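# Chain and residue survey
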Amino acid sequence: MKLAEALIERADLTTRIDVMQSRLCNNARVQDGEKPSEDPIKLLLELDSMTAQLEELIRRINLTNSSTMVGDTTITGLIAHRDCLSKKVTIIRNFLNSASQLWQRASRTEIIVKSSVSVDELQKTVDALSKELRETDTKIQAANWTTDLI
């Protein structure tokens with residue numbers, strides 16, 4: 001199994017476990033003399049099985065990510081770099097949105113409000129960081145489809 005396939009399976013298991021919570025809650029109580037639409041004991045056993053599968057899959061994914069080299073770093077290193085770049089790009093974009101807003105004065109006596117940074121220069125920085133983010137994500141995706149799961 002390729003790492004990318006394991007990641008898809010992990011997402012599917014996570015979704016199924018989330019749905020199981022609703023199914024269990026829907027069958028937690030019934031009116032006296034009635035039966036639940038699904039057997040809660042069987043649901044709990046199914047939950048145990050799914051969480052055990054998920055735990056094993058996460059363990060194998062993490063082991064694969066931490067031991068697979070992509071260039072001079074591991075997939076784990078690339079993921080950490082991507083996550084931090086993504087956060088940084090989001091914050092700087094939000095800052096740029098605030099810095100680029102034009103302020104309209106109704107009269108000459110109102111206070112002049114100007115941007116505290118060079119929007120042009122900061123936009124170039126965000127563009128470069130966004131490009132690096134895309135390239136890093138592409139490396140991760142390529143590694144996911146070419147790496148066998150440990």
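Residues numbered from 1 in each chain as written. Predicted model: local features only at pLDDT ≥ 70, side-chain atom pairs only at ≥ 80, totals over all residues. Heavy atoms only, no water.

## Observations regarding helix H4 (residues 119-146)
Taking 1.5 Å as the rise per residue, H4 with 28 residues should run 40 Å; its terminal C-alpha atoms sit 40 Å apart, in good agreement. The complete set of buried residues in H4 reads Leu-122, Val-126, Leu-129, Ser-130, Thr-136, Ile-140, Ala-143 and Asn-144. (Helix = DSSP H or I, 4+ residues; strand = E, 2+ residues; numbered from the N terminus. Expected span 1.5 Å × (residues − 1). Buried < 20%, exposed > 50% of the residue type's maximum accessible area, 1.4 Å probe, protein only.)

## Observations concerning the confidence of the model for the protein
With 92% of its residues at a pLDDT of 70 or more, the protein has an overall mean of 93. The least confident element of the protein, judged by mean pLDDT, is helix H3 (residues 75-100) at 95; the most confident is helix H2 (residues 40-67) at 98. (pLDDT = per-residue confidence, 0-100.)

## A few points about the nonpolar core
Membership of the largest hydrophobic core comes to 14 residues, with the highest contact counts inside it found for Leu-57, Ile-61 and Leu-149. Those elements giving two or more residues to this core turn out to be helix H1 (3-26) and H2. For Leu-149, the residues in contact, after removing those within four places along its chain, are Met-1, Lys-2, Leu-3, Ala-6, Leu-57, Arg-60, Ile-61 and Thr-64. Of all hydrophobic cores here, the second largest spans 7 residues; its members include Val-89, Ile-92, Leu-96 and Leu-129. (Core = buried A, V, L, I, M, F, W, Y, C linked by side-chain atoms within 4.5 Å. Contact = heavy atoms within 4.5 Å.)

## Here's the deal with the packing of H1 against H2
Where H1 contacts H2, the two axes come as close as 9 Å, and the packing angle between them is 155 degrees. With respect to H2, the axis of H1 lies roughly antiparallel. Between H1 and H2 the crossing geometry is left-handed. Taken together, the residues of the contact of H1 with H2 sort by class into 16 nonpolar, 5 polar and 5 charged. (Axes fitted to C-alpha atoms, helices over the stretch in contact; angles between N-to-C directions. Parallel < 35°, antiparallel > 145°, perpendicular 65-115°, else oblique. Left-handed = near helix turned anticlockwise from the far one by under 90°. Nonpolar A, V, L, I, M, F, W, Y, C, P; charged D, E, K, R; others polar.)

## A look at the packing of H3 against H4
Between H3 and H4, the least distance of the axes is 9 Å, while the angle of their chain directions is 155 degrees. Judged by the inter-axis angle, H3 sits roughly antiparallel to H4. The handedness of the crossing between H3 and H4 is left-handed. Residue classes in the contact of H3 with H4 are distributed as 16 nonpolar, 7 polar and 6 charged.

## So, H2
Since the α-helix advances by 3.6 residues per turn, residues separated by three or four positions end up pointing in the same direction. Along its 28 residues, H2 runs 40 Å from first to last C-alpha, staying within 8% of the 40 Å computed at 1.5 Å per residue. Among the residues making up H2, those that are buried are Leu-43, Met-50, Leu-54, Leu-57, Ile-61, Thr-64 and Asn-65. Buried residues along H2 sit against H1, strand S2 (73-74) and H3. Among the residues of H2, the N-terminal cap falls to Asp-39, whose side-chain oxygen and the backbone nitrogen of Ile-41 are separated by 3.0 Å. (Polar contact = N/O pair within 3.5 Å; in protein donor to acceptor, adjacent residues only side chain to side chain.)

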